[in-house]
Amino acid sequence: MKYSKIIGTGSYLPEKIVTNADLEKILDTSDQWIRERTGICERRVSREDETSGDMAVVAAQRALEAAGVEAEEIGLLVVGTTTPDLVFPSTACLIQARLGLPDCGAMDVNAACSGFIYALSVADKYVRCGDVKKALVIGVDKLTAMLDWNDRGTAVLFGDGAGAVVIEVSDEPGILSTHIHSAGRHSDLLYADVGVGKGFKAEEHGGVCIKMKGNEVFKVAVRTLGRIVDETLAHNNMNKSDLDWLIPHQANHRIISATAKKLGMTMDQVVVTVDKHGNTSAASVPLALDAAAQSGKIKRGDMLLLEAFGGGFTWASALIKY
Ligand code: ACO
């Protein structure tokens, strides 16, 4: 049986740091409220001219370098993003050209905050079935460009960034399983109300913004993530105690700790970056993964559970022997 294994990670964060104190100056909010309700202290905001593609290219170069893999060895590129540079060509195609990848398959996967794990699940299948030996998987988002900076219910939550992994076919377990789900019936709880089928007018696209019924999203997220971690462990005949690390989507510290509690894990076993990154959507899980890899927190052979929940709704998980 073949597996795909993560052989390198990389990430990129924009330079500009926006602290809660900065937001206090423009919104009716407080550092205390944001910290207590979300765990976020600061987030990165990309330059106006800095696109998802720009951030992704740097993260991908770093992942390729960490893996010791040349661009021409890549057989598939999958990019999880909900903030593409253009409607088309896909951000993946733009990145494929900029990185000098061969004429491999390149596609975007739009699953909001679950985008990276969705993308990873696609690439994992291609590698496992033998079609591709090495794949590049990226999670990237520039949600701050779609924020209404007057809406304290969303403006305090999000940040920008990119994370990437290189996966390779292996006889030894790496990615043990991936699980993806959706529930479009909840689309009115979290959405960005612009699209080709919904009033898109190029000259007006400055008005795009994210709408969210945060507390309802919160409840569904906690419930749903609880279910998917059970599903993932059951699928692999594993117990909670087999897990070494939880690498969750970084939306809210309270959602993260609720999932950790359900798994019987202490917060020492959870990779938390929400305090520094905010919610970077599809970039959040690979950014956290890379931070944990760079700091030496996670070691080869550790059992990692990755999970995410986002607009759609979508939710996804991956169990990985690192
Ligand atoms: N500063 C101060 N007060 C605020 C702020 C703010 N930034 N935002 C809201 N409030 C107020 C509200 O107006 C409300 O006041 P009221 O009681 O007088 O009406 C009060 O705080 C409580 O509001 P809630 O929305 O109930 O607060 P909650 O504890 O639910 O926290 C939050 C809000 C942080 C948004 C939380 O609900 C959350 O994290 N939700 C899930 C987000 C998520 O996981 N999204 C999915 C991924 S995102 C993606 O896919 C793109």
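The structure displayed is predicted, hence computed values, not measured ones.

If you tally the helices and strands in the protein chain, you get ten helices and 13 strands. What you see for the protein chain is a C-alpha radius of gyration of 18 Å, in line with the 20 Å of a compact globule of 322 residues. Referenced to the eigenvectors of the C-alpha coordinate spread, the extents of the protein chain come out at roughly 55 × 45 × 35 Å. Evaluated residue by residue, the protein chain yields a buried proportion of 54% over its 322 residues. A total of about 13800 Å² of accessible surface is found on the protein chain, and carbon and sulfur atoms cover 50% of it. Looking at the protein chain, you have 34 positive and 41 negative side-chain charges, and the mean spots of the two groups are 6 Å apart.

For the rest of this paragraph, the subject is the site of the ligand. Residues in close proximity to the ligand total 28 residues, the closest being Thr 29, Arg 37, Cys 113, Asn 252 and Gly 311. Taking Arg 37, its side chain carries an N or O atom lying 2.9 Å from an oxygen atom of the ligand. Taking Asn 252, its side chain carries an N or O atom lying 2.6 Å from an oxygen atom of the ligand. For the ligand, whose accessible area on its own is 1000 Å², the fraction buried by protein is 74%.

Attention now moves to unusual backbone geometry. Look at the link from Phe 88 to Pro 89: it is a cis peptide, with omega at 0°. Within the fold, Pro 89 resides in the loop between strand 4 (76-80) and helix 4 (91-99). Between Gly 312 and the following residue, Phe 313, the backbone shows a cis peptide bond with an omega angle of -15°. Structurally, the position occupied by Phe 313 is in the loop between strand 12 (303-310) and strand 13 (314-321). Non-glycine residue Ala 112 carries a positive phi angle of around 50°. With respect to the secondary-structure elements, Ala 112 resides in the loop between strand 5 (105-109) and helix 5 (115-128). If you check the backbone angles, Ser 281 has positive phi at about 55° while not being a glycine.

Backbone hydrogen bonds are what pair the strands of a sheet, in a parallel or an antiparallel way. With mixed pairing, four strands are arranged side by side in an open sheet as 8-13-12-11. Both edges of this open sheet fall to strand 8 (175-182) and strand 11 (245-248), since each of them pairs with a single strand only. The average angle at which neighbouring strand axes cross in this sheet is 10°, direction not considered. Pairing of strand 11 with strand 12, which is carried by four bridges, proceeds in the parallel orientation.

Attention now goes to the pairing of strand 5. By the bridge criterion, five bridges tie strand 4 to strand 5 in an arrangement that is parallel. Bridge pairing in strand 5 links Val 78 to Met 107. Note that the unit made of strand 4, helix 4 and strand 5 has a crossover that is right-handed.

Next up on the list: the domain arrangement of the protein chain. Interfaces are frequently sized by the accessible area removed from exposure as the parts join. Once the domains are mapped, the protein chain shows domain 1 (3-172) and domain 2 (176-321). A straight line from the C-alpha centre of domain 1 to that of domain 2 covers 13 Å. Here domain 1 and domain 2 share an interface that buries about 3700 Å² over both sides, 62% of which is from carbon and sulfur atoms. At the junction of domain 1 with domain 2, the criterion picks out zero salt bridges. Between the two partners, domain 1 and domain 2, sit 19 residue pairs in polar contact (both at pLDDT 80 or more). The element contributing the most residues to the side of domain 1 that touches domain 2 is helix 5, with nine residues.

In this section: the packing of aromatic side chains. Enumeration according to the criterion identifies two aromatic pairs in this entry. Between Phe 309 and Phe 313 the ring centres are 4.7 Å apart and the planes differ by 50°, which places this aromatic pair in the tilted class. With respect to burial, Phe 309 and Phe 313 carry one shared label: buried. Relative to Trp 315, the ring of Phe 309 lies with its centre 6.4 Å away and its plane at 25°, an arrangement referred to as stacked. Each of the two residues, Phe 309 as well as Trp 315, counts as buried. Taken together, the aromatic side chains of Phe 309, Phe 313 and Trp 315 make up a single cluster linked through ring pairs. Positioned over the ring face of Tyr 322 is Arg 300, at 4.1 Å from the centre of the ring.

A word on a positive patch on the surface. A contiguous patch of positive charge, built from Arg 185, Lys 219, Arg 223 and Arg 227, is present on the exposed surface. Structurally, Arg 227 can be placed in helix 7 (residues 214-235).

Turning our eyes to something else, we now look at the packing of helix 7 against helix 8 (residues 253-262). Where helix 7 contacts helix 8, the axes come no closer than 10 Å and their chain directions differ by 30°. For the pair helix 7 and helix 8, the sense of crossing is right-handed. For the pair formed by helix 7 and helix 8, the contact residues are Phe 218, Ala 221, Val 222, Leu 225, Gly 226, Val 229 and Asp 230 on the first element and Arg 254, Ile 255, Ala 258, Thr 259 and Lys 262 on the second. Here the residues of the contact of helix 7 with helix 8 sort into seven nonpolar, two polar and three charged.

Rules and cut-offs
Residues numbered from 1 in each chain as written. Predicted model: local features only at pLDDT ≥ 70, side-chain atom pairs only at ≥ 80, totals over all residues. Heavy atoms only, no water. Helix = DSSP H or I, 4+ residues; strand = E, 2+ residues; numbered from the N terminus. Rg over C-alpha atoms; globule rule 2.2 N^0.38 Å. Buried < 20%, exposed > 50% of the residue type's maximum accessible area, 1.4 Å probe, protein only. Areas by Shrake-Rupley, 256 points an atom, 1.4 Å probe, with all protein chains shown as cover. Lys, Arg positive; Asp, Glu negative; His and termini not counted. Charge placed at Lys NZ, Arg CZ, Asp CG, Glu CD. Near = heavy atom within 4 Å. Polar contact = N/O pair within 3.5 Å; in protein donor to acceptor, adjacent residues only side chain to side chain. Pairing = 2+ DSSP bridges. Axes fitted to C-alpha atoms, helices over the stretch in contact; angles between N-to-C directions. Right-handed = clockwise from strand over helix to strand, strands pointing away. Domains from an automatic or database assignment. Buried area = accessible area lost by both parts, 1.4 Å probe. Salt bridge = Lys/Arg side-chain N within 4 Å of Asp/Glu carboxyl O. Phe/Tyr/Trp six-rings, centres within 6.5 Å; stacked < 30°, edge-to-face > 60°. Lys NZ or Arg CZ within 6 Å of the ring centre and 35° of its normal. Patch = residues over 30% accessible without salt bridge, like charges linked within 9 Å, V, L, I, M, F, W, Y side chains within 5 Å. Left-handed = near helix turned anticlockwise from the far one by under 90°. Contact = heavy atoms within 4.5 Å. Nonpolar A, V, L, I, M, F, W, Y, C, P; charged D, E, K, R; others polar.

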